[in-house]
Amino acid sequence: MSAGMNLLAVALFVGGSASGQSMDKGGARPLAQVKFAQDDDVKCLASGLENGNPSTGPSTFILKAPPNCIVPWHYHTAGEQLIVTQGDVKTEMDGMAAVSLAPGGFAMMPGRAKHQFSCQSKSPCVLFVTFDRAYDIFWVKADKSR
């Protein structure tokens, strides 16, 4: 997902938070202060680390995607939770019908569950994603039967 990371391409993280400040003892940051970085794999996606260290344990990211941005089929070892704060996000997971989530919408993907999402609104989508353990990502090759 983000510079040197690959969160939806985040495999390599250097520690701390997106702004360089640790949230270990609590903290707050306005959206305007988030330093978004372009994802290495999904060029339309930008992200910022809000809390945690994805290399070693749980973490929370904020993602920004322009209209029509698609994060293709993938999965993580960790369980993932997603909360939409802006825009309409289409979420899909193996064995589940596609669902469109507006602000306040929530999705949970268990570890190793194949999923994808896309920004379906005319304005950018903003969402938070959390991982319950160290972050990794495995891209699923295109399947003609989907």
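Going by the structure above, here's the rest.
The following paragraphs examine the structure supplied in this document. (Residues numbered from 1 in each chain as written. Predicted model: local features only at pLDDT ≥ 70, side-chain atom pairs only at ≥ 80, totals over all residues. Heavy atoms only, no water.)

## Topic: the pairing of strand S5 (residues 80-86)
So, step 1. Pairing analysis gives 4 bridges linking S5 to strand S8 (residues 106-109), with the strands arranged antiparallel. In the strand pairing of S8, Glu80 is matched with Met109.
So, step 2. Examined bridge by bridge, S5 and strand S10 (residues 125-131) share 6 bridges and lie antiparallel to one another. From the neighbouring strand, Leu82 faces S10, where its bridge partner is Val129. (Pairing = 2+ DSSP bridges. Helix = DSSP H or I, 4+ residues; strand = E, 2+ residues; numbered from the N terminus.)

## Some words on the sheet that holds S10
So, step 1. Strand order in the open sheet formed by 6 strands is S1-S2-S3-S10-S5-S8, with antiparallel pairing between adjacent strands. The strands lining the two open edges of the sheet, one partner per strand, are strand S1 (37-38) and S8.

## Examining the packing of aromatic side chains
The geometry of two aromatic rings is summed up by the distance between their centres and the angle between their planes.
So, step 1. For the structure shown, the criterion picks out 4 aromatic pairs.
So, step 2. With centroids separated by 6.5 Å and ring planes inclined at 55°, the aromatic side chains of Phe61 and Tyr135 adopt a geometry described as tilted. One end of the pair, Phe61, is in strand S3 (residues 59-65); the other, Tyr135, is in the loop between S10 and strand S11 (138-139), and 74 residues separate them in sequence. For the pair formed by Phe61 and Tyr135, the shared burial category is buried.
So, step 3. Plain terms: the ring middles of Phe131 and Tyr135 are 4.9 Å apart, the flat faces sit at 75° to each other, and that makes the pair edge-to-face. The two residues Phe131 and Tyr135 agree in class, both being buried.
So, step 4. Among the aromatic side chains, those forming a connected cluster through ring pairs are Phe61, Phe131 and Tyr135.
So, step 5. Looking at Lys64, its charged tip hangs above the ring of Phe36, at a distance of 4.4 Å from the centre. (Phe/Tyr/Trp six-rings, centres within 6.5 Å; stacked < 30°, edge-to-face > 60°. Buried < 20%, exposed > 50% of the residue type's maximum accessible area, 1.4 Å probe, protein only. Lys NZ or Arg CZ within 6 Å of the ring centre and 35° of its normal.)

## As for unusual backbone geometry
So, step 1. Although it is not a glycine, Asn68 sits at a positive phi angle of roughly 70°.
So, step 2. Among the structural elements, Asn68 can be located in the loop between S3 and strand S4 (70-75).
So, step 3. Given the relative accessible area of 65%, Asn68 is considered exposed.
So, step 4. The phi dihedral of Arg112 falls on the positive side, at around 70°, and the residue is not glycine.
So, step 5. Along the chain, the position of Arg112 falls in the loop between S8 and strand S9 (115-119).

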